[in-house]
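Spelled out from the first residue to the last, the chains are:
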2 protein chains.
Amino acid sequence: MTATAAAAERLIRIGEVARGAGVSVRAVRYYEQQGLLIAERSPSGQRLYRQDAIALIRFFQQMFAAGLTSRRITELLPCWDSGHTDAEQRAMLRAERDRIQAKVDDLQAALDRLDEVIAVTDTHP
Amino acid sequence: MTATAAAAERLIRIGEVARGAGVSVRAVRYYEQQGLLIAERSPSGQRLYRQDAIALIRFFQQMFAAGLTSRRITELLPCWDSGHTDAEQRAMLRAERDRIQAKVDDLQAALDRLDEVIAVTDTHP
DNA sequence: CTAAAACCTGACGTTGACGTCAGAGGCAAG
DNA sequence: CTTGCCTCTGACGTCAACGTCAGGTTTTAG
């Protein structure tokens, strides 16, 4: 068996993908609607995914948590898939990176403030 | 002059507060609507604030950025004002703290992932 | 074969922190 | 007095990532 014909990989349906990634079925359909995740279709029209779709969705979740929009993720997906980037994409990557770093700093500051209050209210019931 | 009669503090109107805190006038009214910030009123009905309202709004912004809702902030405001807390409030404080800490960790992980990609795409144009 | 479970396509609802617009006063300057 | 800026109270609009419901088809288990 050749590399191209290598894996007649077992395709999975949307429910299994959703459970695997820990998201709802609705969410997976939404990702497709946003152009994040294109699925094959069975003859009857059901979505069929490869195993790695689960990891991809986990990655989406991570980026969502970091504040990227689905639009932004679609624009940056080629950077992962192909490793190839143009100047605009590299600029976007850095912009997002800086934004996230700033957010981390903000959160850390808020955390410090909460910790102060907690310390006070614990010694000062 | 006594402590109680001390400062016939200069009261400021909503526009000055908003500019000072770097938010919109609409936002300040919204905070009042949510019970975060109660203003005095002039005879004609205009809102009048003390200087420290600006710092308070900055604090709200910081908590918003940390993911607290206005409802949660109102529930926790007594912890700041009076320094007095009950068990429920202390539990909420810790819950929010833990949530923020988890978020920081998530963001840091996302940041690391972005940095990987940036490193690759920079050496690999 | 049949019933349950899973899937499909719309399409409207939700949440939070505001933006924005309309129409009506209020306030200091010239 | 009037011009121009500020403020007021509603009340509807926005955005993103889904939730939820309706009504119908497909797959699976027994």
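In this report, the structure presented in the accompanying data block is examined. (Residues numbered from 1 in each chain as written. Chains lettered and ligands numbered in written order. Predicted model: local features only at pLDDT ≥ 70, side-chain atom pairs only at ≥ 80, totals over all residues. Heavy atoms only, no water.)

**With respect to the protein's contact with DNA strand D**
Close to DNA strand D lie 22 residues, the nearest being S24(A), Y31(A), S70(A), G15(B) and R47(B). S70(A) is positioned with one of its side-chain polar atoms (N or O) 2.9 Å from a phosphate oxygen of DNA strand D. Side-chain polar atom of R41(B) to a phosphate oxygen of DNA strand D: 3.0 Å apart, as the coordinates give it. For the surface near DNA strand D, the secondary-structure elements that each account for two or more residues are α2 (25–33) and α3 (52–65) of chain A together with α1 (14–21) and α2 (25–33) of chain B. Counting residues per element, the surface near DNA strand D draws most heavily on α2(A), at four residues. Of the residues belonging to the surface near DNA strand D, the class tally is six nonpolar, nine polar and seven charged. (Near = heavy atom within 4 Å. Polar contact = N/O pair within 3.5 Å; in protein donor to acceptor, adjacent residues only side chain to side chain. Helix = DSSP H or I, 4+ residues; strand = E, 2+ residues; numbered from the N terminus. Nonpolar A, V, L, I, M, F, W, Y, C, P; charged D, E, K, R; others polar.)

**A closer look at the sheet that holds strand β2 (residues 40–41) of chain B**
All names here are of chain B. Reading across the sheet, the three strands line up as β1-β3-β2 and stay open at both edges, with antiparallel pairing between neighbours. The outermost strands of the open sheet, each flanked by one partner alone, are β1 (12–13) and β2. As paired elements, β1 and strand β3 (residues 47–49) share two bridges and run antiparallel to each other. Note on β3: the bridge partner recorded for R13 is L48. (Pairing = 2+ DSSP bridges.)

**A word on empty space enclosed by the protein**
Residue and element names in this part refer to chain A. Taken as a whole, this structure holds one cavity of 30 Å³ or more when the rule is applied. In this model, the largest cavity occupies a volume close to 30 Å³. As for the largest cavity, its lining consists of F59, M63, L68, I73, L76, L77 and W80. Those elements that place two or more of their residues in the lining of the largest cavity are α3 and α4 (70–81). Among the elements that line the lining of the largest cavity, the one with the most residues is α4, at four residues. (1 Å grid on protein atoms, 1.4 Å probe; cavity = no way out; pocket = protein on both sides within 12 Å on 5 of 7 lines; lining within 4 Å. Points joined across faces, edges and corners; volume = space filled by probe spheres on them.)

**Let's talk about the interface of chain A and chain B**
Between chain A and chain B, the contact holds 33 residues from the first and 33 residues from the second. Carbon and sulfur atoms make up 68% of the area that chain A and chain B hide from each other, which totals about 3,200 Å². For chain A, the biggest contributors to the area lost against chain B are L107(A), L111(A) and L114(A); these three give 19% of the whole. Where chain A packs against chain B, one counts three salt bridges. Inspection of the chain A/chain B interface yields five residue pairs in polar contact (both at pLDDT 80 or more). Mapped by element, the contributors of at least two residues to the side of chain A that touches chain B are α3, α4 and α5 (87–123) of chain A. (Contact = heavy atoms within 4.5 Å. Buried area = accessible area lost by both parts, 1.4 Å probe. Salt bridge = Lys/Arg side-chain N within 4 Å of Asp/Glu carboxyl O.)

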